[in-house]
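Coordinates in review
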Amino acid sequence: MPNPSPAARTAYDAIVIGGGLVGAAIGYGLQRQGLATLLLDEGDIAHRASRGNFGLIWVQSKGLGNPHYQRWTRGSAEEWPALADDLHTRTGIDPRRHQPGGVTFCLGEEEFAARGEYMARMQAEAGNFGFEYRMIRAAEARDMLPGIGPEVTGVSWTPYDGHASPLHLLRALHTGFTGLGGTYLPNAGVTESTAAPGDFSVSAAGQRFTAPRVVLAAGLGNAALAPRFGLEAPVVPERGQILVTERTQNLLPMPTVSLRQTAEGSLMIGDSKEDAGLDTVTQSPEIMKTMARRAVRCFPWIAELNIVRAWSALRVMAPDGLPIYDQSERFPGAFTANCHSGVTLAGTHANRLAPMIAAGALVPEMSLFSARRFDVRTAA
Ligand SMILES: Cc1cc2nc3c(=O)[nH]c(=O)nc-3n(C[C@H](O)[C@H](O)[C@H](O)COP(=O)(O)OP(=O)(O)OC[C@H]3O[C@@H](n4cnc5c(N)ncnc54)[C@H](O)[C@@H]3O)c2cc1C
């Protein structure tokens, strides 16, 4: 790919490395805070979870055993309507947010009982913050979701869940960012960098840029970048596959954790998890079969639809599956952001995290997300 046109300026208030959903949401938030922000993004060969994901805004399974993560995710679901409206108004691009609540299907009594226990624990851990949910038996669930198969024993439901178009969201964030005066440089992988407290420089696309703040939001690329800024980002890839059916009439009024209908009418079937290194080329027919079979057990009519597309992409996973947000103690002004729910968390990234970064420090509660939690010396 040719290098982009050179950026007109080289000194910024903030540099964000990585233009996926995480970097773009933070960059948008920083620019909206009035910081002149540079968003640097690697070329098309990079691993880009943001262009291959499922599109859920998903709350009901997030944060068991980690109430701070449950609150952060809920916070994001609450921020989503404002973010979507703001982006739509500024850019004319609708991220197609639809948050009617969502369900997780249970096939068999054992699954229904286990799910009920899971949801009860989520509610207990939420404490005063509250966690609204219902375990709904199949007969009632059939009124909410017509066409459910006979093997479905019930569903768990929360009002917080929903979905959006990840590609429209990404496009809207980029367009909103540049519309507010932000500078986006594609094909600009960061090669060299220097770090001093409140004074950073990075080289990309043949230019050198400086800023008092730098945000590492390069997805899997953060693992290599973070140590240069006195930070750690022990993230690894986890492959997920997605199947897409032909378009059909509006049949699914709300998303489920592994099945959703896009605004255009396609059904997406997802939620697989496998360790396949960095391989996104080879598909696993066995996994696709399992995904398709479960979808048909939930909704037998899906068997009539043709699969028209399938792909795999790499999630960005920390060892415990939670996000990593950090600030460098050695080089104040340097931050990291990694998560495996970049759609869900776009609301908090743009509306809550970016203002903290603009103010120069994360609030104390955010220390629970620090990568220092993986440091055995700190833990000891
Ligand atoms: C199959 C699948 C399904 C998913 N489903 C959902 C879902 O339903 N809901 C949800 O919330 N999340 C979902 N996710 C997760 C979501 O896609 C990710 O959390 C999110 O995309 C991560 O965004 P990111 O910006 O951190 O990473 P990426 O999208 O990987 O972007 C990182 C960017 O950094 C750039 N980069 C890397 N190194 C450098 C460098 N040195 N210099 C400059 N730029 C660099 C790359 O070019 C890239 O554009 C799913 C993921 C997968 C794989």
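In short, a report on the structure. Owing to the predicted nature of the structure, the values given are computational and were not obtained by experimental measurement.

Across all of its chains, the model carries zero disulfides by this definition. The cysteine C106 is free of any disulfide, with C298 supplying the nearest cysteine sulfur at 9.3 Å.

Our next topic: the sheet that holds strand β10 (residues 199-204). Strand order in the open sheet made by the three strands is β9-β10-β11, with antiparallel pairing throughout. Among the strands making up the open sheet, the edge pair consists of β9 (190-196) and β11 (207-211). For this sheet, the mean inter-axis angle between neighbouring strands, taken without regard to orientation, is 15°.

Quick look at the packing of helix α2 (residues 67-91) against helix α5 (residues 166-179) now. Look at α2 against α5: their axes get within 9 Å of each other, and the N-to-C directions meet at 60°. By the angle class used here, α2 and α5 are oblique. Crossing of α2 over α5 shows left-handed handedness. Each of W80, L87 and T91 in α2 lies in contact with α5, whose residues at this interface are L169, A172, L173, T175 and G176. Tallied by class, the residues present in the contact of α2 with α5 amount to five nonpolar, three polar and no charged.

Another aspect to go through is the site of the ligand. Around the ligand lies a shell of 35 residues, among which D41, S50, L56, G342 and T344 are the nearest. L56 is positioned with one of its backbone polar atoms (N or O) 2.8 Å from an oxygen atom of the ligand. Compared with its free state, where it exposes 1000 Å², the ligand has 95% of that area covered by protein. Those elements that place two or more of their residues in the shell around the ligand are α1 (21-32), β13 (236-245) and β16 (307-317). In terms of residue count, β16 provides more of the shell around the ligand than any other element does, three residues in total. Its residues assigned to classes, the shell around the ligand comprises 16 nonpolar, 15 polar and four charged. For the shell around the ligand, the two domains that each supply at least three residues are domain 1 (14-53 + 167-235 + 320-379) and domain 3 (236-317).

Thresholds, definitions, all that
- Residues numbered from 1 in each chain as written.
- Predicted model: local features only at pLDDT ≥ 70, side-chain atom pairs only at ≥ 80, totals over all residues.
- Heavy atoms only, no water.
- Disulfide = S-S within 2.5 Å.
- Pairing = 2+ DSSP bridges.
- Helix = DSSP H or I, 4+ residues; strand = E, 2+ residues; numbered from the N terminus.
- Axes fitted to C-alpha atoms, helices over the stretch in contact; angles between N-to-C directions.
- Parallel < 35°, antiparallel > 145°, perpendicular 65-115°, else oblique.
- Left-handed = near helix turned anticlockwise from the far one by under 90°.
- Contact = heavy atoms within 4.5 Å.
- Nonpolar A, V, L, I, M, F, W, Y, C, P; charged D, E, K, R; others polar.
- Near = heavy atom within 4 Å.
- Polar contact = N/O pair within 3.5 Å; in protein donor to acceptor, adjacent residues only side chain to side chain.
- Areas by Shrake-Rupley, 256 points an atom, 1.4 Å probe, with all protein chains shown as cover.
- Domains from an automatic or database assignment.

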